[in-house]
Amino acid sequence: MDWITASLLMFVTSVIFYLLARKASLIRLPTEFINLSSSSVAIVLYLLVAYVEGTGLAISSQGLLIVFLLSIFGSYLPNVASFNSIKYAPNPGYSLMISKSYVVFTTLVAVFLFKSPLTVKSIIAILLIVGFSILIMVGKAKPHKLYSSTWLPLAFIAFFGWGILSIGSKYMLTIGVTVPQRLVYLSVFITAYALGEIFARKTKIKNFTLSTFVLMIFIGVFFAAFNYFMLVALDKAPNIGYVNAINASSISVLTVFATLIFKDEFSIRKFIGIMGVIAGLVFLLI
């Protein structure tokens with residue numbers, strides 16, 4: 001599988017995953033259980049992938065240490081920081097505008113760290129994607145009771161954390177840690193953190209039904225697929241920033257489906273932003 005195919009599959013599964021997560025939030029499924037269903041189902045699927053690919057799970061102590069550190073500083077803490085930043089910001093788009101711009105950070109770092117190529121065409125395409133994504137995300141600021149100036153440093157924590165996760169994932173692949181190994185162990189750590197949160201906060205699901213259970217399973221399936229294809233793409237792409245740009249561009253399609261399914265607000269500004277992101281994505285891939 002080439003990096004473009006893997007990136008496009010990542011794009012599609014990312015949109016579906018976030019739509020399912022949005023549905024879960026609308027039925028008030030606690031965030032801890034969304035995290036638990038995502039990582040626990042992923043473990044099973046990644047073990048199956050490892051078996052099919054004939055990949056052993058024996059990993060070096062160095063590789064395991066890196067996965068452990070990434071699970072904290074590249075996944076768990078940035079996700080918590082982003083969630084709270086969105087909650088405290090005057091507009092959630094302000095937070096996402098900063099945190100999602102990590103694509104620029106990883107693109108430049110990859111040039112120096114991995115000797116990755118970076119063409120003028122790719123730079124223009126990435127700037128188009130990031131710039132028009134901002135147009136989609138940012139709206140009018142509305143003061144609210146939870147507002148706190150801490151949203152800004154929290155957004156930057158997510159920015160650097162997600163960037164570190166992308167760079168660290170690429171580095172592990174260069175030292176021989178396979179895709180299934182990285183995914184299995186990271187999911188185990190994240191599952192442990194989610195269970196710890198549930199027990200510490202005594203979180204429960206109200207009105208648990210069969211449809212809720214099915215939704216949690218599908219969240220886990222598409223979360224697993226999204227991360228698998230992303231890692232395959234990071235492994236084979238000439239520059240990890242290209243993959244991160246495609247990932248960031250998925251917000252355009254997500255916005256369209258959120259409008260159709262959940263009746264989210266839509267505007268001319270968002271339409272222009274979506275068209276601009278699509279133009280940037282096409283320019284990157286041609």
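All of the points below concern the structure found in this document.

What counts, and where the lines are drawn
Residues numbered from 1 in each chain as written. Predicted model: local features only at pLDDT ≥ 70, side-chain atom pairs only at ≥ 80, totals over all residues. Heavy atoms only, no water. 1 Å grid on protein atoms, 1.4 Å probe; cavity = no way out; pocket = protein on both sides within 12 Å on 5 of 7 lines; lining within 4 Å. Points joined across faces, edges and corners; volume = space filled by probe spheres on them. Helix = DSSP H or I, 4+ residues; strand = E, 2+ residues; numbered from the N terminus. Nonpolar A, V, L, I, M, F, W, Y, C, P; charged D, E, K, R; others polar. Core = buried A, V, L, I, M, F, W, Y, C linked by side-chain atoms within 4.5 Å. Buried < 20%, exposed > 50% of the residue type's maximum accessible area, 1.4 Å probe, protein only. Contact = heavy atoms within 4.5 Å. Phe/Tyr/Trp six-rings, centres within 6.5 Å; stacked < 30°, edge-to-face > 60°. Lys NZ or Arg CZ within 6 Å of the ring centre and 35° of its normal. Axes fitted to C-alpha atoms, helices over the stretch in contact; angles between N-to-C directions. Parallel < 35°, antiparallel > 145°, perpendicular 65-115°, else oblique. Left-handed = near helix turned anticlockwise from the far one by under 90°. Patch = residues over 30% accessible without salt bridge, like charges linked within 9 Å, V, L, I, M, F, W, Y side chains within 5 Å. Areas by Shrake-Rupley, 256 points an atom, 1.4 Å probe, with all protein chains shown as cover. Salt bridge = Lys/Arg side-chain N within 4 Å of Asp/Glu carboxyl O. Expected span 1.5 Å × (residues − 1).

## Some remarks on empty space enclosed by the protein
Here's step 1: For the coordinates displayed, the defined rule picks out one cavity of 30 Å³ or more.
Here's step 2: Of the voids in this model, the largest cavity is the one considered here, and its volume is about 40 Å³.
Here's step 3: Together, Met 97, Lys 100, Ser 101, Val 103, Val 130, Ser 133, Ile 134, Met 137 and Ala 248 line the largest cavity.
Here's step 4: Of all the elements, helix α6 (residues 120-137) adds the most residues to the lining of the largest cavity, at four residues.
Here's step 5: Residue composition of the lining of the largest cavity, grouped by class: six nonpolar, two polar and one charged.

## Details of the nonpolar core
Here's step 1: Grouped together as the largest cluster of nonpolar side chains are 40 residues, with contacts concentrated most on Met 10, Tyr 46, Tyr 228, Val 243, Ile 246 and Leu 284.
Here's step 2: The dominant element in this core, judged by the number of residues it contributes, is helix α9 (residues 210-236), at nine residues.
Here's step 3: Sequence-distant contacts of Leu 284, defined by excluding residues within four places in its chain, comprise Lys 121, Ser 122, Ala 125, Ile 129, Tyr 242, Ala 245 and Ile 246.

## A few points about the packing of aromatic side chains
Here's step 1: Evaluated as defined, the whole model comprises 12 aromatic pairs.
Here's step 2: Where Phe 68 meets Phe 189, the ring centres are 5.3 Å apart and the plane angle is 70 degrees; that geometry is what we call edge-to-face. Here Phe 68 is found in helix α3 (residues 61-88), whereas its partner Phe 189 is found in helix α8 (residues 179-201), with 121 residues between them in sequence.
Here's step 3: Look at Phe 68 and you get partly exposed, because its relative accessible area is 33%.
Here's step 4: Ring geometry for Phe 105 and Phe 159: centres 5.8 Å apart, planes at 35 degrees, overall tilted. Of this pair, Phe 105 sits in helix α5 (residues 102-113) while Phe 159 sits in helix α7 (residues 151-174), and the two are 54 residues apart along the sequence.
Here's step 5: Phe 159 gets classed as buried once you look at its relative accessible area, which sits at 13%.
Here's step 6: Taken together, the ring pairs connect Phe 17, Tyr 18, Phe 223 and Phe 226 into an aromatic cluster.
Here's step 7: Over the aromatic face of Phe 283 sits the side chain of Lys 121, whose NZ or CZ is 5.5 Å from the ring centroid.

## A few points about the layout of surface pockets
Here's step 1: One number sums up the size of the second largest pocket: a volume of about 160 Å³.
Here's step 2: Along its surface, the second largest pocket is lined by Ile 27, Arg 28, Leu 29, Pro 30, Lys 204, Ile 205, Lys 206, Asn 207, Thr 209 and Thr 212.
Here's step 3: Looking at side-chain class alone, the lining of the second largest pocket contains four nonpolar, three polar and three charged residues.

## Some thoughts on the packing of α5 against α7
Here's step 1: Contact pair α5 / α7: the axes reach a minimum separation of 9 Å and the direction vectors enclose 40 degrees. The orientation of α5 with respect to α7, classified from their angle, is oblique. The handedness of the crossing between α5 and α7 is right-handed. Contact with α5, carried on its side by Tyr 102, Phe 105, Thr 106, Val 109 and Leu 113, involves Phe 159, Phe 160, Trp 162, Gly 163, Ile 164, Ser 166 and Ile 167 of α7 and no other residues of that element.
Here's step 2: For the contact of α5 with α7, the class distribution of residues is nine nonpolar, three polar and no charged.

## Quick word on a nonpolar patch on the surface
Here's step 1: A surface patch of nonpolar side chains, amounting to about 830 Å² of accessible area, comprises Leu 135, Phe 266, Ile 268, Phe 271, Ile 272, Met 275, Ile 278, Val 282 and Ile 286.
Here's step 2: In terms of residue count, the dominant contributor to the nonpolar patch is helix α11 (residues 268-285) (six residues).
Here's step 3: By the secondary structure assignment, Leu 135 is in helix α6.
Here's step 4: The class of Leu 135 is partly exposed, set by a relative accessible area of 30%.

## Things to note about α8
Here's step 1: The end-to-end C-alpha separation of α8 is 33 Å, in line with the 33 Å expected for 23 residues at 1.5 Å each.
Here's step 2: Among the residues trailing α8, Lys 202 stands out with phi positive, at a value near 55 degrees.

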